[in-house]
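# Commentary on secondary and tertiary structure
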Amino acid sequence: MIYPQQVDHSRRIGLLRRRLTKAGLHGLLVTYLPDLRYLSGFTGSSAALAVTRRSARLFTDGRYKTQAAEEVTVAQIEIVASSPAVAAAQWLAAQPGVEFAGFDPAQTTVANLDRYRAALPARLRRSFLSALAAPLVEPLRQVKDEDELALMSEAALAGCNLFEHILGFIRPGLKEFEVAAELEHQARLLGAEGMSFETIVAAGARSALPHGHATAARLPRNGFVTLDFGVILNGYCSDMTRTVHLGRPKANERRAYEAVLEAQEAGVAAVMPGVSCAEVDEAARGVLRRAGLAEAFSHSTGHGLGLEIHEPPRIGAGQKTRLLPGMVITIEPGVYLAGQFGIRIEDMVAVTRSGGQVLTPAPKALIEL
Ligand code: ZN
Ligand code: ZN
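Structure report, in brief.

## Considerations on the packing of aromatic side chains
For any two aromatic rings, the description comes down to two numbers: the centre-to-centre distance and the angle of the planes. Per the stated rule, a full pass over the model turns up four aromatic pairs. When the centroid spacing of 5.4 Å and the interplanar angle of 50° are considered together, the rings of Phe-224 and Phe-341 count as tilted. Note that Phe-224 is positioned in strand 9 (residues 223-229) and Phe-341 in strand 17 (residues 341-344), a separation of 117 residues in sequence. Given the relative accessible area of 1%, Phe-224 is considered buried. The lysine or arginine in question, Arg-12, covers the ring of Tyr-38, its NZ or CZ lying 4.3 Å from the ring centre. Its end group placed over the ring of Phe-297, Arg-285 keeps NZ or CZ at 4.1 Å from the ring centre.

Here it is in structure tokens:
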């Protein structure tokens with residue numbers, strides 16, 4: 001078990017500095033909390049991080065004084081009474097040799113940018129803060145380091161344990177709510193900080209809704225139940241889907257299940273460093289197309305995940321990003337036949353030097369309950 005305190009944040013800041021220099025910037029204002037956590041280890045809900053080529057300083061408010069001191073070793077800590085982001089922008093502007101600092105336009109509102117600029121000395125208001133042409137932290141976060149891979153594998157295994165538990169709980173007549181509640185209750189008992197997204201339990205014809213959140217609908221005597229869920233453990237998200245069948249499946253249901261399973265396994269087998277995300281998508285999609293189910297597969301094949309449940313890269317048609325060792329993605333093809341049934345199977349897969357390693361080893365052969 002690796003504890004977050006042992007994570008090498010100085011390595012991450014070092015990699016960020018290299019990118020800063022390449023981008024011709026003297027400093028970076030980090031306000032997006034998942035990026036800030038990744039770089040510094042700080043898990044509070046109000047902070048900003050200023051990074052220059054030489055130093056780093058984390059700004060937060062009085063509520064987090066003790067927590068910041070415990071969690072953050074890679075930056076100096078300053079407790080402020082007003083906006084941490086405004087204080088961070090002002091600090092950056094006051095550093096000798098820092099003439100330009102970047103901010104992430106994807107994570108900064110127009111109103112906030114106005115506030116940061118208004119707080120700067122008049123001569124710096126127009127030119128000091130510039131929008132990053134390309135994200136700087138995101139590419140670092142896409143490639144997980146050893147610490148992260150260990151934590152993600154642990155989160156994924158916790159998900160598999162939950163699946164095994166819920167198999168013994170599911171029976172016809174239960175409400176989808178009750179299944180979700182049991183899953184979530186067990187997740188907390190296993191030590192999860194929370195669920196990584198709203199648990200999906202979709203039974204019978206509702207399984208044809210790709211994002212069927214649990215409702216008061218009851219599990220049928222005969223039909224599919226799709227369970228898509230994940231836990232947050234040590235800050236990292238897990239994500240897995242299994243579709244089980246209550247009673248005996250009909251021949252067409254079994255055929256559709258086998259096609260999804262074959263597509264899912266083809267997607268996993270296609271995971272390889274250097275392969276594009278579009279090629280992985282096509283490996284899974286092609287199987288369903290040949291089974292006459294192309295129309296029924298209405299979403300992309302997968303997504304990256306880590307500190308957040310959805311991170312780049314996206315595993316979909318037209319996605320040119322090439323897989324790199326250390327990326328963690330999901331492979332989750334599905335078929336959805338409105339009014340009838342739906343099936344999805346999802347694993348987390350870590351890209352290794354020679355292929356893909358499935359982090360969610362729960363059984364995938366059709367389970368009849
Ligand atoms: Zn999922
Ligand atoms: Zn997913």
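## Section: the environment of Gln-186
Along the chain, Gln-186 falls in helix 8 (residues 176-189). Taking C-alpha positions, Gln-186 is 23 Å from Arg-344, a pair spaced 158 residues apart along the chain. Beyond its immediate stretch of four places on either side in the chain, Gln-186 contacts Leu-162 and His-165.

## As for the sheet that holds strand 8 (residues 200-203)
Read across the sheet, three strands follow the order 8-9-12 without closing on themselves; strand pairing throughout is antiparallel. The sheet is open, and its two borders are formed by strand 8 and strand 12 (240-246), each paired with just one other strand. Sheet twist, expressed as the mean angle between neighbouring strand axes with direction ignored, is 15°. As defined by bridge partners, strand 8 adjoins strand 9 across four bridges and the pair is classed as antiparallel. If you follow Val-201 over to strand 9, its bridge partner there is Leu-227. Against the sheet, helix 7 (residues 146-167) engages strand 9 and strand 12, with an angle of about 15° to strand 12. Contacting strand 8 and strand 9, helix 8 runs over the sheet at an angle of about 150° to strand 8.

About the criteria used
- All residue numbers here refer to positions counted from 1 along the written sequence of the relevant chain.
- The lettering of chains begins at A and the numbering of ligands begins at 1, in the order of writing.
- The model is predicted, so local features are restricted to residues of pLDDT at least 70 and side-chain atom pairs to those at 80 or more, both for listing and for counting; the totals for chains, interfaces and linings are taken over all residues.
- Processing note: side-chain calculations cover all non-hydrogen atoms of the structure and skip hydrogens and water entirely.
- Any two rings among Phe, Tyr and Trp, with Trp reduced to its six-membered ring, count as a pair given centres within 6.5 Å; such a pair is stacked if its planes are under 30 degrees apart, edge-to-face if over 60, and tilted if neither.
- By definition, any uninterrupted DSSP run of H or I lasting at least four residues is a helix, any uninterrupted run of E lasting at least two residues is a strand, and each is numbered from the N terminus.
- Three exposure classes are used, based on accessible area relative to the maximum for each residue type with a 1.4 Å probe and protein chains only: buried under 20%, partly exposed in between, and exposed over 50%.
- Here, a charge over a ring is recorded when the distance from Lys NZ or Arg CZ to the ring centre is within 6 Å and its angle to the ring normal is within 35 degrees.
- Only heavy atoms matter for contacts: two residues are in contact if any of them lie within 4.5 Å across the pair.
- Here a strand pair is declared whenever DSSP counts at least two bridges between the two strands.
- With axes taken as lines fitted to C-alpha atoms, and helix axes fitted only over the stretch in contact, angles between N-to-C directions fall between 0 and 180 degrees.

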